[in-house]
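Geometric and topological summary
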Amino acid sequence: KNEVEQSPQNLTAQEGEFITINCSYSVGISALHWLQQHPGGGIVSLFMLSSGKKKHGRLIATINIQEKHSSLHITASHPRDSAVYICAVNSWDDKIIFGKGTRLHILP
Amino acid sequence: DAGITQSPRHKVTETGTPVTLRCHQTENHRYMYWYRQDPGHGLRLIHYSYGVKDTDKGEVSDGYSVSRSKTEDFLLTLESATSSQTSVYFCAISDWRTDRGEKLFFGSGTQLSVL
C-alpha cells in the first residue's frame with residue numbers, strides 16, 4: 001500500500017465546476033504539499049500545510065491531521081487549470097513522499 | 001522563482017556509460033533531493049541530502065550514487081547506465097526553518113535516455 005494515496009486518479013470536468021482532489025497518508029508528517037505539473041512542464045509548489053486551511057486565489061487547501069487527510073479545491077475551474085496535481089508529505093525522517101498525482105482536465 | 005538549476009536538460013547515452021546530473025541552488029537551502037518520474041509511478045525518491053556530505057538513500061537508490069561537497073551542488077551519478085534508468089529526473093530543494101522556505105522548489109527536470 002502506498003504511503004500517500006490520491007483520488008481520483010483522473011478527473012474531467014466542465015469549465016466553472018467546483019473541483020475536489022483528495023489525499024490520504026499513512027505516515028507521521030510534519031507538513032503536506034500540493035504541487036501542480038502542466039504537461040511537459042516543471043513542477044510548481046501550490047501550498048504547504050501543517051494544519052488548517054490555506055487559500056490562494058481560486059485554490060483552497062485543507063488538512064485534517066487527526067484523519068491524515070487533505071483536500072485541494074478549485075473554485076470556478078478553468079481550462080488553464082488542466083494539469084496533474086500532486087500531493088506530497090514530509091515524513092519525520094526528512095523524506096518527502098509523493099502521491100501518484102491526479103490528472104485534471106477541464107473542458108471549455 | 002527559486003534559484004535551482006539542473007544540467008543537462010537533455011541527455012542521450014549508451015548502456016554501460018557513466019552519467020552525472022547536476023543540481024545547483026543559490027538559495028542556501030539545507031535539503032536537496034533527487035527524484036525520477038515515470039508513467040504510472042509518479043515521483044520516486046532516489047537519494048536525498050540534509051547537509052554537506054550528509055546523504056541518504058530513497059526508495060529507488062540501486063544503481064545511483066550521489067555527492068554533496070558544497071551546500072549549493074548535489075550530483076547524481078549513474079555509474080553504469082541501464083535502459084531502465086531512462087526517465088525524467090527532478091531535483092528539489094527545501095528548507096524547513098520557519099523563517100524561510102515554506103515551499104518545495106523543483107528544478108526543470110532532466111530527460112535522460114539510455115539506449
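Residues numbered from 1 in each chain as written. Chains lettered and ligands numbered in written order. Predicted model: local features only at pLDDT ≥ 70, side-chain atom pairs only at ≥ 80, totals over all residues. Heavy atoms only, no water.

Looking at the nonpolar core
For soluble globular proteins, the rule of thumb is that nonpolar side chains tend to be buried together. Membership of the largest hydrophobic core comes to 25 residues, with the highest contact counts inside it found for L32, W34, L72, Y85 and V89 of chain A. Counting residues per element, the ones that place at least two in this core are β3 (19-25), β4 (29-37), β5 (43-49), β7 (59-64), β8 (69-74), β9 (83-91) and β11 (102-107) of chain A. Of all hydrophobic cores here, the second largest spans 19 residues; its members include I4, W34, V66 and L112 of chain B. (Core = buried A, V, L, I, M, F, W, Y, C linked by side-chain atoms within 4.5 Å. Buried < 20%, exposed > 50% of the residue type's maximum accessible area, 1.4 Å probe, protein only. Helix = DSSP H or I, 4+ residues; strand = E, 2+ residues; numbered from the N terminus.)

Overview of the layout of surface pockets
Considered as a void within the structure, the largest pocket measures approximately 630 Å³ in volume. Taken together, 29 residues line the largest pocket, and the ones lying closest to its centre are Q37, G40 and R103 of chain A together with Q37 and F90 of chain B. Among the elements of the structure, β9 and β11 of chain A together with β4 (31-38), β9 (87-94) and β11 (110-114) of chain B are those that each provide at least two residues to the lining of the largest pocket. Residue contributions to the lining of the largest pocket peak at three residues, all from β9 of chain B. Class assignment of the residues belonging to the lining of the largest pocket gives a composition of six nonpolar, 19 polar and four charged. (1 Å grid on protein atoms, 1.4 Å probe; cavity = no way out; pocket = protein on both sides within 12 Å on 5 of 7 lines; lining within 4 Å. Points joined across faces, edges and corners; volume = space filled by probe spheres on them. Nonpolar A, V, L, I, M, F, W, Y, C, P; charged D, E, K, R; others polar.)

What to know about unusual backbone geometry
Here the amide bond leading from S7 of chain A into P8 of chain A is cis, since omega sits at -10 degrees, within 30 degrees of zero. Assignment of secondary structure puts P8 of chain A in the loop between β1 (4-7) and β2 (10-14). That bond from S7 of chain B to P8 of chain B is cis: its omega, -10 degrees, falls within 30 degrees of zero. Here P8 of chain B is to be found in the loop between β1 (4-7) and β2 (10-13). Even without glycine at this site, K68 of chain A takes up a positive phi of about 55 degrees. One can find K68 of chain A in the loop between β7 and β8. Owing to a relative accessible area of 32%, K68 of chain A belongs among the partly exposed residues under this scheme.

Re the pairing of strand β5 (residues 42-51) of chain B
All names here are of chain B. Burial runs high along β5: nine of the ten residues are buried. Of the pairings in the sheet, the one linking β4 to β5 comprises seven bridges and is antiparallel in character. Of the residues in β5, the one forming a bridge with Y33 is Y48. As consecutive antiparallel partners, β4 and β5 are separated by three residues, and within that stretch G40 has a phi angle of approximately 85 degrees, a positive value. Sheet topology note: the β5/strand β6 (residues 54-57) ladder contains four bridges and is antiparallel. Opposite G51, over in β6, you have D54 as the bridge partner. Taking the residues that link successive antiparallel strands as the turn, the β5-β6 hairpin has two residues, and the phi of K53 there is positive, at about 65 degrees. (Pairing = 2+ DSSP bridges.)

So, the sheet that holds β1 of chain B
All names here are of chain B. Read across the sheet, four strands follow the order β1-β3-β8-β7 without closing on themselves; strand pairing throughout is antiparallel. Sheet topology places β1 and β7 (64-70) at the edges, where each strand pairs with a single neighbour. On average, each strand axis in the sheet is inclined to that of its neighbour by 15 degrees, with strand direction left out of account. Pairing of strand β3 (residues 19-25) with strand β8 (residues 73-78) involves six bridges; the strand directions are antiparallel. Paired with R22 across the two strands is L75, which belongs to β8. (Axes fitted to C-alpha atoms, helices over the stretch in contact; angles between N-to-C directions.)

Some thoughts on a negative patch on the surface
A contiguous patch of negative charge, built from E3 and D93 of chain A together with D56 and E59 of chain B, is present on the exposed surface. One can find E3 of chain A in the segment before β1. (Patch = residues over 30% accessible without salt bridge, like charges linked within 9 Å, V, L, I, M, F, W, Y side chains within 5 Å. Areas by Shrake-Rupley, 256 points an atom, 1.4 Å probe, with all protein chains shown as cover. Salt bridge = Lys/Arg side-chain N within 4 Å of Asp/Glu carboxyl O. Lys, Arg positive; Asp, Glu negative; His and termini not counted. Charge placed at Lys NZ, Arg CZ, Asp CG, Glu CD.)

Topic: the sheet that holds β3 of chain A
Residue and element names in this part refer to chain A. Strand order in this open sheet of five strands is β1-β3-β8-β7-β6, and the pairing throughout is antiparallel. Because the sheet does not close on itself, it has two edges, and the strands there are β1 and β6 (52-56). Averaged over neighbouring strand pairs, the angle between their axes works out to 15 degrees when direction is ignored. Here β6 pairs with β7 via five bridges, running antiparallel. Within β7, the residue paired with K53 across the bridge is T62.

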